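# Structure at a glance
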Amino acid sequence: MKKYTYTDKKDTRSGFGDGLLEAGKRNPEVVALCADLVGSLKMADFIKAFPERFFQTGIAEANMIGMAAGLTIGGKIPFTGTFANFSTGRVYDQIRQSVAYSDKNVKICASHAGLTLGEDGATHQILEDIGLMKMLPGMTVINPCDYNQTKAATIAIAEHHGPVYLRFGRPVVPIFTDADQKFEIGKAWMVNEGADVSIFATGHLVWEAIQAGEKLAEEGIDAEIINIHTIKPLDAEAVLKSVAKTGCVVTAEEHNRLGGLGDSIAQLLAVNTPTPQEYVAVNDSFGESGTPAQLMTKYGLDAEHIIAAAKKVIARKKQNS
Amino acid sequence: MKQDIEQLKQTASQVRRDIVRMVHGCQSGHPGGSLGCTDFLVALYFNIMNNDPSFNMDAKGEDLFFLSNGHISPVFYSVLAHAGYFDKSELSTFRKLNSRLQGHPTTHEGLPGVRIASGSLGQGLSVAIGAALAKRLNGDDSIVYTLHGDGELQEGQIWEAAMFAPHNKLDRLIATVDYNGQQIDGPTEMVLSLGNLKAKFEAFGWEVLEEPHGNDMASVVAVLEKAKSLTGKGKPIAILLKTGMGYGVDFMMGSHKWHGVAPNDEQLAAALAQLEETLGDY
């Protein structure tokens, strides 16, 4: 198992804030909108650097999405910022008609995704957003795993033409990817090559998958770990290549098991090479209040659950053979 | 070339013929609101706006129009065709399979003149504000126009946008309300009354113009000229334009019944008998 360490921890939303500032420096057409959550979205540095290119919309997310669509007419590259729940479910029809169907170059940037939002509870912990966004034709869906990857992804989506949903989170988590990485949309990252099981992880679950991989290695299980930061378009080649080698799959995500990364992989495998798969995901329920760590344990989204899923799916593979 | 009032009336007559023929041709669509808004759209595209039918999506240095109540697509398509955005022969494909003239306007099929999809109501004012913000950033003094149904104002997003525009002093934005008092389920005052619309917009910080004769071409041009003269003075401008749903075809007028109903062959003939063919049918 390849060794991953970290010396620093940061929230992925800070990666977004710093990436937005950098994207703004590189391209004068980059503009930003926020619905009364500037501090939470870490947009202060962008606003300070480019006050005329920032629009405070107030608590009016539908208007924010529509205005972002309009800003593209005239060549702007708008980044909208609010919590994931208010970035997707609240404004689904606005995104559908004014952004996706209208082919507008809007970047919908969503913080506080998933259970790790913590104490605010289920009203704010959206676990359906990946599903909602990936069903929209033409929408790119990205869920980076740490500060560095989120920053790189933010810079990359400014250079990509087309609507994008970028999902990140609130808690402070280890930084284990390269600071100077080039983020390639739609290109999976090989975290660790292995032969016994493919673990496909996204977002905060990537670090958990690495922890799981180390413990599995101690038990003689050689896990391949692949980071699927771009859920749509899915890197089908990387998934199929890995599965051809390992013959079984664990998917890990901070999302409902319905409609997330696991379903995207299952669909790909079902039509190409049906493969035993276990989901590490929220089992079709809402969240609740608690600390992020408590919630990830209670809802089964940690290294221990990835280990259990890996062992189970390896046993299923052996049964089949 | 700016058309004068007489020329505008001639154009409007042809557009009305196109509307009833298009809706008859596919036995589907919304003739009532289309007929009611014909004079407004003709005035806008043939007299008021500075726009380029060679069509560039970004529209730098051009006035812009956004149709928020997308169901009146027949009048929009006919006006765009006569203004030179695409050939009028394409009007015959309205609402048919593989057409660029979808039931509700879309950019998805690449139809020149359309810059946003509309149909799900309440979204156009926000889009127009975004476009106006882009113009301001680009140092472009052109004007952004919108049209909304009065029933559409029941959508909450409209009022989010209505709050944003004055706060940000978007004073090159002219939003017109097709104030025909009708919606699908009946008169607006019965379905969900709009109350004092003028006072509502004024309370939000808009300059409001009322035009009771929205189907009189000279009056429509005059109110739009008046609105233009008020741009650049720190406030967005709303026009409450009283129109008659179905205007120009006697049996379609003054009722919500022709909101989304197509005429049969006999009704088509009766309608066309009332509308002079001025520019040649498609």
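Residues numbered from 1 in each chain as written. Chains lettered and ligands numbered in written order. Predicted model: local features only at pLDDT ≥ 70, side-chain atom pairs only at ≥ 80, totals over all residues.

Residue and element names in this part refer to chain A. Pairing in this open sheet of five strands is mixed, and the strands run β9-β11-β10-β13-β14 from one edge to the other. Edge positions in the sheet fall to β9 (189-192) and β14 (277-282), since each of these pairs with one other strand and no more. For this sheet, the mean angle separating the axes of adjacent strands, direction not counted, is 25°. Where strand β13 (residues 249-256) and β14 come together, five bridges link them in parallel fashion. Among the inter-strand pairings, Val 250 is bridged to a residue of β14, identified as Glu 278. (Pairing = 2+ DSSP bridges. Helix = DSSP H or I, 4+ residues; strand = E, 2+ residues; numbered from the N terminus. Axes fitted to C-alpha atoms, helices over the stretch in contact; angles between N-to-C directions.)

Once that is clear, we can look at unusual backbone geometry. A:Lys232 connects to A:Pro233 through a cis peptide bond whose omega is -5°. Note on placement: A:Pro233 falls in the loop between β12 (230-232) and α10 (236-246). The phi dihedral of A:Asp103 is positive, around 55°, even though this residue is not glycine. Checked against the element boundaries, A:Asp103 lands in the loop between α6 (92-100) and β5 (107-111). Residue class for A:Asp103 comes out buried when judged on the 20 C-beta atoms lying within 10 Å of it. Although it is not a glycine, B:Gln27 adopts a positive phi angle of roughly 50°. Looking at the secondary structure, you find B:Gln27 in the loop between α1 (5-26) and α2 (31-36). (Buried ≥ 20, exposed ≤ 12 C-beta atoms within 10 Å, placed from the backbone.)

Here the focus is the environment of A:Ala195. Residues and elements named next belong to chain A. Assignment of secondary structure puts Ala 195 in the loop between β9 and β10 (197-201). Remark: the alpha-carbon pair of Ala 195 and Lys 3, spanning 192 residues in sequence, is separated by 17 Å. Setting aside chain neighbours within four positions, we find Ala 195 in contact with Asp 222, Lys 245 and Thr 246. (Contact = placed C-beta atoms within 7 Å.)

When the parts come together, some accessible area is lost, and that loss is often what is quoted as the size of the interface. Contact residues are listed per partner, giving 27 residues for chain B and 23 residues for chain A. In terms of residues, the side of chain B that touches chain A owes the most to one element, helix α5 (residues 124-137) of chain B, which gives 10 residues. Its residues placed into classes, the side of chain B that touches chain A shows 13 nonpolar, nine polar and five charged. (Nonpolar A, V, L, I, M, F, W, Y, C, P; charged D, E, K, R; others polar.)

This next bit is on the domain arrangement of chain A. Residues and elements named next belong to chain A. By domain assignment, chain A separates into domain 1 (9-174) and domain 2 (189-320). Centre-to-centre separation of domain 1 and domain 2, based on C-alpha positions: 26 Å. Between domain 1 and domain 2, the contact holds 27 residues from the first and 31 residues from the second. Counting residues per element, the ones that place at least two in the side of domain 1 that touches domain 2 are α7 (129-134), β6 (140-142), α8 (147-159) and β8 (172-174). Of the residues contributing to the side of domain 1 that touches domain 2, the split by class is 14 nonpolar, 10 polar and three charged. (Domains from an automatic or database assignment.)

Moving on, we come to the nonpolar core. Core analysis: the largest hydrophobic core is formed by 188 residues, its most contacted members being A:Ile199, A:Ile306, A:Ala310, B:Ala43 and B:Ile129. A domain-level breakdown of this core finds at least three residues from each of domain 1 (9-174) and domain 2 (189-320) of chain A. (Core = buried A, V, L, I, M, F, W, Y, C linked by C-beta atoms within 7 Å.)

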